[in-house]
Amino acid sequence: MCGIVGYVGPRDATPIILNGLKRLEYRGYDSAGVAVVKGDQIEVRRDAGKLGQLIDLVAKEPLSGAPGIGHTRWATHGAPSARNAHPHVSNSGKIVVVHNGIVENFIELKDELVSEGTTFSSETDTETIVHLAEHHQAAGANFVETARKTFQQIEGANVVVLLSTAEPDKIVTARIGNAGGVVIGLGDGENFIASDIPAILEHTRKVIFLESRQMAIVTRDSVRIETLEGKEVKPEIHIISWDAVAAEKGEYRHFMQKEIHEQVRALTDTLAGRVDFKEGRIRLPELNLTPELAKRIQRIYITACGTAAYAGMVGKYLIEKIARIPVEVVIASEFRYSDPILDSNTVVLAISQSGETADTLAAMEEGRRKGAIVWSIVNAIGSQAMRVADGFISMQTGPEIGVASTKAFTAPLVDQYMLAILLADLRGTLDEKTRKSLVSDLRLVPDLVGRTLDRESEVEKVAHVLKDIRDCLYLGRGINMPIAYEGALKLKEISYIHAEGYPAGEMKHGPIALIDEEMPVLCIAPKDPWHEKMISQIQQAKARDGIVIAVATEGDELIKGMADHILWVPEAPWMLSPIVTVLPLQLLAYHIAAIRGLDVDQPRNLAKSVTVE
Ligand code: AGP
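What you see is a predicted model, and the numbers here were worked out from it, not measured in a lab.

Cut-offs and rules
Residues numbered from 1 in each chain as written. Predicted model: local features only at pLDDT ≥ 70, side-chain atom pairs only at ≥ 80, totals over all residues. Heavy atoms only, no water. Axes fitted to C-alpha atoms, helices over the stretch in contact; angles between N-to-C directions. Helix = DSSP H or I, 4+ residues; strand = E, 2+ residues; numbered from the N terminus. Parallel < 35°, antiparallel > 145°, perpendicular 65-115°, else oblique. Left-handed = near helix turned anticlockwise from the far one by under 90°. Contact = heavy atoms within 4.5 Å. Nonpolar A, V, L, I, M, F, W, Y, C, P; charged D, E, K, R; others polar. Disulfide = S-S within 2.5 Å. Buried < 20%, exposed > 50% of the residue type's maximum accessible area, 1.4 Å probe, protein only. Core = buried A, V, L, I, M, F, W, Y, C linked by side-chain atoms within 4.5 Å. Near = heavy atom within 4 Å. Polar contact = N/O pair within 3.5 Å; in protein donor to acceptor, adjacent residues only side chain to side chain. Pairing = 2+ DSSP bridges. Phe/Tyr/Trp six-rings, centres within 6.5 Å; stacked < 30°, edge-to-face > 60°. Lys NZ or Arg CZ within 6 Å of the ring centre and 35° of its normal. Expected span 1.5 Å × (residues − 1). Salt bridge = Lys/Arg side-chain N within 4 Å of Asp/Glu carboxyl O.

(A) Broad picture of the packing of helix H10 (residues 306–323) against helix H14 (residues 407–427). Packing of H10 against H14 leaves a shortest axis separation of 9 Å and a crossing angle of 25°. The angle between the axes of H10 and H14 places the two elements in the roughly parallel class. Regarding H10 and H14, the two cross each other, and that crossing is right-handed. Contacts between H10 and H14 involve Thr 307, Tyr 310, Ala 311, Gly 312, Val 314, Gly 315, Leu 318, Ile 319, Ile 322 and Ala 323 from the former and Phe 409, Pro 412, Leu 413, Gln 416, Tyr 417, Leu 419, Ala 420, Ile 421, Leu 423, Ala 424 and Arg 427 from the latter. By residue class, the composition of the contact of H10 with H14 is 16 nonpolar, 4 polar and 1 charged.

Next comes the structure, spelled out in structure tokens:
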């Protein structure tokens, strides 16, 4: 996960930035860099690898000055390398940028800049930002106007930090869309910028959090907050009373809430270095998947536990629809004892956040024993499920602390979508137009997630309505049926309310007898191929006086006139819709549990990783 640290003040920025980046190492990264303004020059040191390599580089080639900015990076576009590492400098050497997120329209912006003669030295989308800024500065805009114009042209969920030798007394930063956080630390005659509180806590406890579509002009003794349109905003100053460990919760009450909101950055990171948007291709090098191997796969078993298994149920729809390979999802605790029929043309794909779940590891062992190809999708780097697999996909979400899994549910949805495209591409069963369209849709993910999470306050209101319920039915169909199971599990495991996920089409075969004015029914009904079916499901529940809470696509007037409460989500390509429909259910379970005063991060009887049978 990318980390950002900036400093403006009388001290040398370099040690402050390097120490701050060290405090963000828990987020995972594959390259790092630092830049400082020195007179009318910008000096940069950057390298692939861990922070230790950057510190060694700075020791060999000292770098001092201020203001300065630093960055740790998950490669989003372009492999992790020195030339792709941030910070990136403009061709004149007068402007430098660090960035978190995905510039959705970078191809169009880059093509325009190249047509005007701008040369690029990296494969990153980030470099487009600094050349765009240079273009505006060269046209006569002052630095703040240069930054504003640049921010206004960037689409998608991004955090951007710029320095310029033209006005070396300031740093300008912006949060565009619901990208990861931007914290401004207020010092005495000096100020700080960071992507997370731990990076600056040793210097100050007074902070300002940037909101979406806000920018900040930061000098050593002033901070001005504006909207991207230039309207001044009066900032709210927060005093951080937490200790360093608690500070990792940032502005959130619980790790689970933080991790729900981290999904914008986590999904950006799980796309990291794997998507070639220009060519419309996917790269999953750790899977060791060759065209020969791809062509001989005849069946895929997805095996996992709990939330991970529900992610696999969504994966079934994706892989069967895109790659046309038969997929069976089997709960790991059953798979290991089911004497499965496997051979060398069968894949056993395990999904596990911890990579240490006993049932899942045993299922992988069963696959190995019977000669299957064993893959895993894992979050914990270096865990058993990652090590024993023939190939793996790292979720790259950073550590998940809350026992209730959130970002480690949505990340494998994206990973399986990418896997399906790669399989189809290598098997030659996907035409180029379809493949490019499917890949292009991935650019939408961070912003769709951010826009859905922006509606948290609406979900919290519904949580207050439902806080005392004793039962709840979650209904879904098609690719969103697993979201019914996952939403019910979230509510069960942190609020201790009995909740049941059910295929909506099955209700008339018995469970509909449960519905009355006491039974809330949560219907997942986005604009997907099963939308009409869900409409009639809602009508059936209402006809029996059920209380209906619908997850619906923004603008769906039909459902608006039928449901008692609505949890709105933005319109999304149907194969990516589970990524957004699960978010209000995560938030609903979180807020009901928080309102009930329960231990959200450590629910009773549960462990983060079930390493025993
Ligand atoms: C999810 O919220 C639960 N904590 C649980 O179902 C979890 O998904 C399951 O135990 C699997 O864990 P893993 O992903 O680490 O293998």
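(B) Looking closely at the state of the cysteines. This structure, assessed with the given rule, holds 0 disulfides. For Cys 523, which is in no disulfide, the shortest distance to another cysteine sulfur is to Cys 472 and amounts to 9.4 Å. You can call Cys 523 buried: its relative accessible area is 0%.

(C) Region of interest: the nonpolar core. Ranked by internal contacts, the top residues of the largest apolar core, which has 125 residues, are Trp 375 and Leu 423. The element that contributes the greatest number of residues to this core is H14, accounting for 13 residues. When residues no more than four places from it in sequence are discounted, the contact partners of Leu 423 are Leu 289, Ala 294, Ile 297, Ile 300, Ile 319, Ala 323, Ile 325 and Trp 375. Formed by 26 residues, the second largest nonpolar core is a distinct cluster that contains Ile 17, Leu 54, Leu 201 and Ile 240.

(D) Spatial organisation of the site of the ligand. As a matter of local geometry, the ligand sits amid 14 residues, with Ser 352, Gln 353, Ser 354, Thr 357 and Glu 493 nearest to it. In this structure, Gln 353 approaches the ligand through a main-chain N or O atom, which is 2.7 Å from an oxygen atom. With respect to the ligand, the side chain of Thr 357 contributes an N or O atom lying 2.5 Å from an oxygen atom.

(E) Structural context of the pairing of strand S11 (residues 206–209). Taken together, the 3 bridges between strand S9 (residues 183–186) and S11 define a ladder with antiparallel strand orientation. Note on S11: the bridge partner recorded for Gly 185 is Val 207. Relative to strand S15 (residues 238–239), S11 runs antiparallel, the two sharing 2 bridges. For Val 207, the partnering residue across the bridge sits in S15 and is His 238.

(F) Layout of the packing of aromatic side chains. Under the defined criterion, the tally for this structure stands at 5 aromatic pairs. Judged by centre distance (5.6 Å) and plane angle (75°), the rings of Trp 530 and Trp 574 are edge-to-face. Residue Trp 530 is found in the loop between strand S25 (520–525) and helix H19 (531–543), and its partner Trp 574 is found in the loop between strand S27 (565–569) and helix H21 (577–595); the two are separated by 44 residues along the sequence. Joined through ring pairs, the aromatic side chains of Tyr 317, Trp 530 and Trp 574 make up one cluster. When the ring centre of Phe 120 is taken as reference, the NZ or CZ atom of Lys 110 above it lies at 4.8 Å.

(G) Summary view of H10. A rise of 1.5 Å per residue sets the reference length of H10, with its 18 residues, at 26 Å; its end C-alpha atoms lie 25 Å apart and thus fit the reference within 8%. Burial of H10 is extensive: 13 of the 18 residues sit out of reach of the surface. Backbone geometry just downstream of H10 places Arg 324 in the positive-phi region, at approximately 55°.

(H) Region of the structure containing unusual backbone geometry. Note that the residue after Ala 66, namely Pro 67, is joined by a cis bond; omega there is -5°. Within the fold, Pro 67 resides in the loop between helix H2 (51–60) and strand S4 (68–73). The peptide bond linking His 86 to Pro 87 adopts the cis configuration, its omega dihedral lying at 0°. In this structure, Pro 87 sits in the loop between S4 and strand S5 (88–89). A positive phi angle, near 55°, is found at Asn 288, a position not held by glycine. Position of Asn 288 among the secondary structure elements: in the loop between strand S17 (281–282) and helix H9 (291–296).

(I) Summary view of the environment of Val 548. Note that Val 548 resides in strand S26 (residues 547–553). Measuring from C-alpha to C-alpha, the distance between Val 548 and Ile 566 comes to 8.5 Å, with 18 residues separating the pair along the chain. In contact with Val 548, other than residues within four places in its own chain, are Val 521, Cys 523, Ile 538, Ala 541, Lys 542, Ala 563, Asp 564 and His 565.

(J) Quick look at the pattern of salt bridges. A complete count under the given rule lists 36 salt bridges for this structure. The closest approach of N and O atoms between Glu 190 and Arg 11, which form a salt bridge, is 2.8 Å. Here the residue Glu 190 occupies a position in the loop between S9 and strand S10 (191–194), and Arg 11 occupies one in the loop between strand S1 (3–8) and helix H1 (13–22), the gap between them amounting to 179 residues. Owing to a relative accessible area of 11%, Glu 190 belongs among the buried residues under this scheme. Two residues, Lys 467 and Asp 468, come together in a salt bridge whose shortest N-O distance is 2.8 Å. By relative accessible area, Lys 467 is classed as partly exposed at 26%. Several salt bridges converge on common partners, so that one network encompasses Glu 145, Arg 148, Arg 224, Glu 226 and Glu 232.

(K) Region of the structure containing the sheet that holds S25. Spatially, S24-S23-S25-S26-S27 is the arrangement adopted by the 5 strands of the open sheet, whose pairing is parallel. The strands lining the two open edges of the sheet, one partner per strand, are strand S24 (498–503) and S27. Between one strand and the next, the sheet's axes are offset by a mean angle of 20°, whatever the strand orientation. The sheet contacts of helix H18 (residues 481–495) involve strand S23 (471–476), S24 and S25, and relative to S24 the element is tilted by about 175°.

(L) Structural context of the side chain of Gln 137. Tracing the backbone through its elements, the reader meets Gln 137 in helix H4 (residues 126–138). Separated by 3.5 Å, the side chains of Gln 137 and Ser 164 make a polar contact. The contact partners of Gln 137, leaving out residues within four places of it in the chain, are Lys 94, Ile 95, Phe 143, Thr 146, Ser 164 and Ala 166.

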